[in-house]
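# Report on the structure
As a plain string of letters, each chain reads:
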Amino acid sequence: MQLLNEQEIERRKDREALLNLGIDPYPALSFPINATAADIHQNYNNRKNDYKGITIAGRLMTRRIMGSASFAEIQDSTGRLQIYVRRDDLCPDEDKTLYNKVFKKLLGIGDFIGLKGFIFTTQTGEISLHVQEFTLLSKSVKPLPVVKRDDEGNVFDGFTDPELRYRQRYVDLIVNPEVKETFVTRSKIISTMRNYFDDHGWMEVETPILQQVHGGAAAKPFETHHNALDTPLFLRIANELYLKRLIVGGFEGVYEIGKMFRNEGMDRTHNPEFTSMEIYVAYKDYIWMMEMVEDLIAKIANRVLGTTKAKVGDNVIEFEGPYKRLSMFESIQEYTGIDVSQMNEKELRALCSEMGIEVDDSMGKGKLIDEIFGEKVEEHLIQPTYITDYPIEMTPLAKKHRSKPGLVERFELFVNGKEIANAYTELNDPIDQRERFEDQLKLAQRGDDEAMAMDEDFLRALEYGMPPTSGLGIGIDRLCMMLTDQSTIQEVLFFPQMKPEKKVKIASDEDFIELGINPGLIPAIRELNIHTIEQLKGLNPNKLFNDVCGKKKKLKLDVPNPSKEEVSNWINA
RNA sequence: GAUUCUGUAGCUCAGCUGGUAGAGCAUAACACUUUUAAUGUUAGGGUCCUGGGUUCGAACCCCAGCGGGAUCACCA
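Here, residues in each chain are numbered from 1, in the same order as that chain's written sequence. As a convention, the first chain written is A and the first ligand written is 1, with the rest following in written order. Totals for whole chains, interfaces and linings use all residues, but because this is a predicted model, local features are given only for residues with pLDDT of at least 70 and pairs of side-chain atoms are given and counted only at 80 or more. The side-chain figures draw on all heavy atoms in the structure; neither hydrogens nor water molecules are used.

Moving on, we get to the protein's contact with RNA strand B. The cutoff for a nearby residue is simple: one of its non-hydrogen atoms must lie within 4 Å of the molecule or strand. RNA strand B sits among 59 residues. The nearest are E6, Q123, T124, H270 and R478. Backbone atoms, meaning sugar and phosphate, make up 56% of the atoms of RNA strand B lying within 4 Å of the protein. At a separation of 3.4 Å, a phosphate oxygen of RNA strand B approaches a polar side-chain atom of R268. For the purposes of this entry, the term helix denotes a DSSP run of H or I that reaches at least four residues, the term strand denotes a run of E that reaches at least two, and both are numbered from the N terminus. Elements that contribute at least two residues to the surface near RNA strand B include exactly α1 (6-20), β1 (54-66), β2 (69-76), β3 (79-86) and α5 (162-167). The leading source of residues in the surface near RNA strand B is α5, at five residues. For this classification, Asp, Glu, Lys and Arg are treated as charged, while Ala, Val, Leu, Ile, Met, Phe, Trp, Tyr, Cys and Pro are nonpolar and the rest, including Gly, are polar. In the surface near RNA strand B, the residues fall into 16 nonpolar, 18 polar and 25 charged. Here a polar contact means two N or O atoms within 3.5 Å. Within protein one must be a hydrogen donor candidate and the other an acceptor candidate, and residues neighboring in sequence count only if both atoms are side-chain atoms.

Quick look at the side chain of R236 now. Looking at where R236 falls in the secondary structure, it is placed in the loop between β9 (231-235) and α8 (240-248). Among the polar contacts listed, one links the side chain of R236 to the side chain of T207, at a separation of 3.3 Å. A distance of 2.9 Å separates polar atoms of two side chains, one belonging to R236 and the other to E256. The residues touching R236, leaving out its near neighbours within four places in the chain, are T207, P208, I209, Q211, E256, G258, K259, M260 and F261. Only heavy atoms enter the contact rule, under which two residues are in contact if any of them lie within 4.5 Å.

The next thing to look at is helix α11 (residues 345-355). Three- or four-residue spacings in an α-helix give side chains the same orientation, since the helix completes a turn every 3.6 residues. Only protein chains enter the calculation, and the probe is 1.4 Å; a residue is then buried if its accessible area is under 20% of its type maximum, exposed if over 50%, and partly exposed in between. Residues of α11 that are buried include every one of L348, L351, C352 and M355, and no others. For α11, the arc enclosing every buried residue in end-on projection is 100°, short of the 170-degree limit, so these residues lie on one face. Along α11, the residues that are exposed and aim more than 90 degrees away from the buried face are K346, S353 and E354. Elements that come into contact with the buried residues of α11 comprise α10 (328-336) and α12 (365-376). Of the residues flanking the start of α11, the one acting as N-cap is N344, its side-chain oxygen 3.1 Å from the backbone nitrogen of K346. Positioned one or two residues after α11, G356 has a phi angle of 75°, which is positive. In this context, the arc is that of the directions from the helix axis out to the C-beta atoms.

In this fold, Q440 is placed in helix α13 (residues 430-446). On the basis of relative accessibility, which here comes to 6%, the residue Q440 falls in the buried class. Within the structure, Q440 has its side chain in polar contact with the backbone oxygen of E393 (distance 3.4 Å). Excluding residues that lie within four positions of it along the chain, Q440 makes contacts with E393, P396, A451 and M452.

Here we take up the packing of aromatic side chains. Each aromatic pair joins two rings of Phe, Tyr and Trp (for Trp, the six-membered one) with centres within 6.5 Å, and gets the label stacked for planes under 30 degrees apart, edge-to-face for over 60, and tilted for any other angle. According to the stated counting rule, one finds 16 aromatic pairs in the structure shown. With a centroid separation of 4.7 Å and 70° between ring planes, the pair formed by Y386 and F411 is classed as edge-to-face. Of this pair, Y386 sits in strand β15 (residues 385-391) while F411 sits in strand β16 (residues 407-415), placing them 25 residues apart in sequence. Per residue, the accessibility class of Y386 equals that of F411, and both read buried. Ring plane angle 40° and centroid distance 6.1 Å describe the contact between F494 and F495, whose orientation is recorded as tilted. Linked through ring pairs, Y196, F197, W202, Y255 and W288 together constitute an aromatic cluster. When the ring centre of F103 is taken as reference, the NZ or CZ atom of R63 above it lies at 5.9 Å. Remark: a charge is flagged as sitting over a ring if the NZ atom of Lys or the CZ atom of Arg is within 6 Å of the ring centre and within 35 degrees of the ring normal.

The working definition used for a salt bridge is a side-chain nitrogen of Lys or Arg within 4 Å of a carboxyl oxygen of Asp or Glu. With the rule as written, the count across this model stands at 37 salt bridges. With a closest N to O distance of 2.7 Å, D50 and R47 form a salt bridge. D50 gets classed as partly exposed once you look at its relative accessible area, which sits at 45%. Residue R47 is classed as partly exposed on the basis of its relative accessible area, which comes to 39%. Put simply, R165, R169, D172 and E491 are held in one network by salt bridges that share partners.

Listed below in structure tokens is the structure:
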């Protein structure tokens, strides 16, 4: 049972009226088209003769009816096209129903129609379709928000409420073309990346999303349960350890683009499920990876923006490499003037409190350095910058630095103050790896809930031998935000996670009848805005009795008044 | 999780000091055969998020809850 507003009732009536005229509002048919809105706008002026006998389909978005002629706009996946409809073209004979009734009255904004006609240019210079035939393809029975734009692109009645836009993304996509554009760009970013990898001979793979050990990163997982195996399973927080197993298995380049799941907070840069790309290439190191990433990102920017310069917020970012490289210690030195490279844990802790950075006892040396970096450096890294050579404590899966003791071969790429990529020369010494996991265990015992879990099977794989390998992870959503100049992750996810909508179960007539209510009284009950059984149950019987009798009289319902006792019985039933 | 702002017609929003709920678009009716934010005339449309409280009287003030946004904290 659904409560309908005036416009929804009106549209349902139109649907009935169409059926009565013998027009199926939802015909089962295919409607072949030979043109799109974008094609017509681009090419009509140069190839005018080719644009006769056009068939095109789309959603009716605006109408300007002027008596026996009308202008309207349809929208297909490529954009909008104005159509020109004349009564005497559609209805050459006496019977003008098709235009006067069907087109003008029974169609509405949001309906899908198929059209046949020829393209022409109006007096005001707008390329338009002169309609010779139209077919209703699908009737819309819910009113669409109508967004108006003038010639300068000013928006007049925007559909802007973020809650509605995210919950009803389909509506957002229909009425806000720039939203659709963002997602087209997102798709291009991913396909460009995929093509780049494939062209290099690296193979796309799929690894388990349901994992028994949630390794490869430090985060709280979503937990579920497999009934047949009677075992707990986790939605993956990372896929790194599986991809490395494939390198052990003999593939020399593997990548995966897919969803990760983390049971943590949500904000404008975090969604519980997000898309990451991870790639592992054998016989490479992180120096090589930096060059690859520069090349990749510049190619993506070129493909989606047509340039390597991108406007991001108030900044213009140049994505053409080579990017600046700074070691983590150098970056802290550069932005604070302090050399932390020789400090021990105690000195670092003192420095943090001096800088007003909150610390707690669970934090080891690496974590403390990371805190300083996050607080003092990150925001300054606007142009693409590689931060390299991280403290070993915070990076249990990366190989020890070839020349700098206490550090690992790792870089993160920062753009506009945000991290968008993370890469290592991968740790492939199984003995070292086991020790690192054990160190993580110790951190966990100190209370660090982000410490990584031991994965015995992964260690077994490493023991068989993994070639030197470099690995990279890119946060796809963040990259998309960057390249589409969006400041919230929700704008680059079709369906961002939201709290569930409150569902109210509207009582049907049968539900009311079941309580012993005379069907003739139901209109009075609804008129009192009583729509759910719970609502009814919560009412005072005397008040309800008075209200129902009063409404019954007002609505002139031809049924007897209920007795007070009957009304009490409804409530107590 | 904390702070703060916010919830009024299908959509976007007004609503004064607490005194019968308003506009534009959309919808409906009439007019109009090259309009384009079409236009003109007219009409209908409301659980003012929910529940309590204060008051003669609450969209408005107070309390609680629910949804959403922003900022902060954690994480990518």
